[in-house]
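# Geometric and topological summary
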Amino acid sequence: MKATLQNSSRPRLSVWRRAALPLAAVGVLTLSACGSSDPLNGDSSGGGDGTVTVGSADFPESQIIAELYAGVLRDAGIEASTEPGIGAREAYIGAVEDGSIDLVPDYSGNLLLYVDPESDAASGEEILDALPDALPDGLTVLEASEAENKDAMVVTRQTADEYSLTSIADMAEVCDQLVIAGPPEFQERAYGLPGLESKYGCTPQSFEPINDGGGSLTVDALTRGDVDVANIFTTTPAIKQQDLVVLEDPENNFIAQQVLPLAAEDRLPDGAADALNEFSSKLTTRDLIELNQSVSGDGSVNPQQAARDWLEANGYTDA
Amino acid sequence: MNLLSGMWQWLTDPTNWSGSGAIPARALEHMAYSGIVMVVAIVVAVPLGMLVGHTGRGSGAVIGVAGALRALPTLGLLTLFSLLMGLGLVPPLLALVILAVPPILTATYAGVAEVSPAVRDAAKAQGMTPTQVLTRVEVPLALPVAMGGIRNAALQVIATATVAAYINLGGLGRYLIDGLAVRDYSRMLGSVLLVAVLALATDAVLAALQRAVTSPGLRTTAH
């Protein structure tokens, strides 16, 4: 809470210092009053008084996007604070439902599979069409950005040129000459080797399991030439740093995972949805790569600072 | 109970017992990694331990370094070596050698260093050269202790060789890592049981070997 308060108020510290104490006192009284009357009352987060609490999952990218959402709302004149690192999807969806947060960034494909495990929607459009009906009452999604963080088949620029690869369909033609690396589950999951086989007819020369979740061991194996293709996430900074090529996936073997805000239906103040939709129309996968890069490795900054820098560079004020 | 019966199903499924990724092949890989590691570790640690134990020089440094090596996490070393050298057999084997050297080194050193000075003096008084003192007196007397270090190292190496599957190698760790990746806990438990059986069987063989190499004179006093 302390970090959030400092973060949201830093640019106008002196004004806020004076106002903060009485406000906080009122806030506590209000909250405790709500709490004692009905602990399950969804209004206790203060959606009614125009303050939006943005939650996030417990990994850096989600925290960055949550900070971006909060910054965008503040830019639109809406009070917003963040509640980072809530946990896995079970936890943060529960937090939206019980009113402890009003808004959380999520990924379209995994969100749909969470609320409807039977869904076979795979393309970005199919998923976005299916989501509103699949979501439980009280939850809604705003417009999705084109920014995606999903599994992908990635090759070096050299390999792409050598075999003229732009998509997994191209890769399938030379599949028997290629060695694929990925996490161990890639051997067995539907989107893994079974999916490449059934959707593209691609059976690689061999598969090398590397158990680091598409991290630096996997990236190194690819750039060093130990393997030809690697299963890594589309927002991995190495894609930009090492000039890697993300192969297109025309058959939607890897279902779309567009970043979008999951929100409590009735608790967003006027103008919040418009501001967030406008922001989502600007956010790209490239932005996510750069933001992830800025919070990892040498000279890294925290998610709040990364978000603030991005907002400043993209014409938002009062982040 | 579900987990145990699942493990039993996995262990008794005939498809898990034949083929290239099956249990016998994985167990062989596991023993091959462990065997190579133990040979390298013994070649490095036993002569060094003997030298330091015999001369008494540098014992502080050797014991200190061995202690420090023990503190290094094998998985961390594996990741580091893989980042430095790429995929392959060398990074996990090197990480495991670093795990195996300290117990062998310290046990060999202790075995040789603890030979009674009176026995050493007696050997010298009989006209033995320093080399003869080492090979005919100190080494036979140190062997049971050194073998204890080797048994200790073998147990640790067999249990830890599962990390080879963290990167693209085989061994019984493959089931552990792959099982975790798809939340197949029965498979994980089965592989853990197999590793434990392998480690205990190896230890039994080494215990017999330890008895066999113990000088008859020491064997009677030990009783």
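Residues numbered from 1 in each chain as written. Chains lettered and ligands numbered in written order. Predicted model: local features only at pLDDT ≥ 70, side-chain atom pairs only at ≥ 80, totals over all residues. Heavy atoms only, no water.

## Concerning the overall build of chain A
Helix and strand counts for chain A stand at 14 helices and 10 strands. For chain A, restricting intrachain contacts to residue pairs at least 6 apart in sequence, the fraction spanning at least 24 positions comes to 75%. Surface exposure of chain A reaches about 14500 Å², of which carbon and sulfur atoms provide 48%. (Helix = DSSP H or I, 4+ residues; strand = E, 2+ residues; numbered from the N terminus. Contact = heavy atoms within 4.5 Å. Areas by Shrake-Rupley, 256 points an atom, 1.4 Å probe, with all protein chains shown as cover.)

## A few points about the domain arrangement of chain A
All names here are of chain A. By the assigned domains, chain A splits into domain 1 (2-148 + 257-313) and domain 2 (151-246). Of the residues lining the interface, 10 residues belong to domain 1; the matching set on domain 2 comes to seven residues. Interface area, domain 1 with domain 2, both sides summed: about 720 Å², of which 57% is carbon and sulfur. Three residues, Arg286, Ile289 and Gln293, lead the burial of domain 1 against domain 2; their summed loss comes to 58% of the area buried on that side. (Domains from an automatic or database assignment. Buried area = accessible area lost by both parts, 1.4 Å probe.)

## Points about the pattern of salt bridges
Residue and element names in this part refer to chain A. Counted under the stated rule, the structure contains 13 salt bridges over all chains. Notably, a salt bridge pairs Asp106 with Arg89, separated by 2.7 Å at the nearest N-O pair. Remark: Arg89 occurs in helix H4 (residues 89-97) and Asp106 occurs in strand S3 (residues 103-107); sequence separation between them is 17 residues. You can call Asp106 buried: its relative accessible area is 0%. Here Arg157 ties to Asp243 by a salt bridge, and the two come within 3.0 Å at their closest N and O atoms. (Salt bridge = Lys/Arg side-chain N within 4 Å of Asp/Glu carboxyl O. Buried < 20%, exposed > 50% of the residue type's maximum accessible area, 1.4 Å probe, protein only.)

## Looking at the state of the cysteines
Residue and element names in this part refer to chain A. Within this structure, the stated rule accounts for one disulfide over all chains. The disulfide that involves Cys175 links it to Cys202, with 1.7 Å between the sulfurs. Of this pair, Cys175 sits in the loop between helix H8 (168-173) and strand S6 (179-182) while Cys202 sits in the loop between helix H9 (193-200) and strand S7 (206-209), placing them 27 residues apart in sequence. Relative accessible area serves as the criterion here: at 2%, Cys175 is assigned to the buried category. According to the relative accessible area criterion, Cys202 is buried, its value standing at 1%. (Disulfide = S-S within 2.5 Å.)

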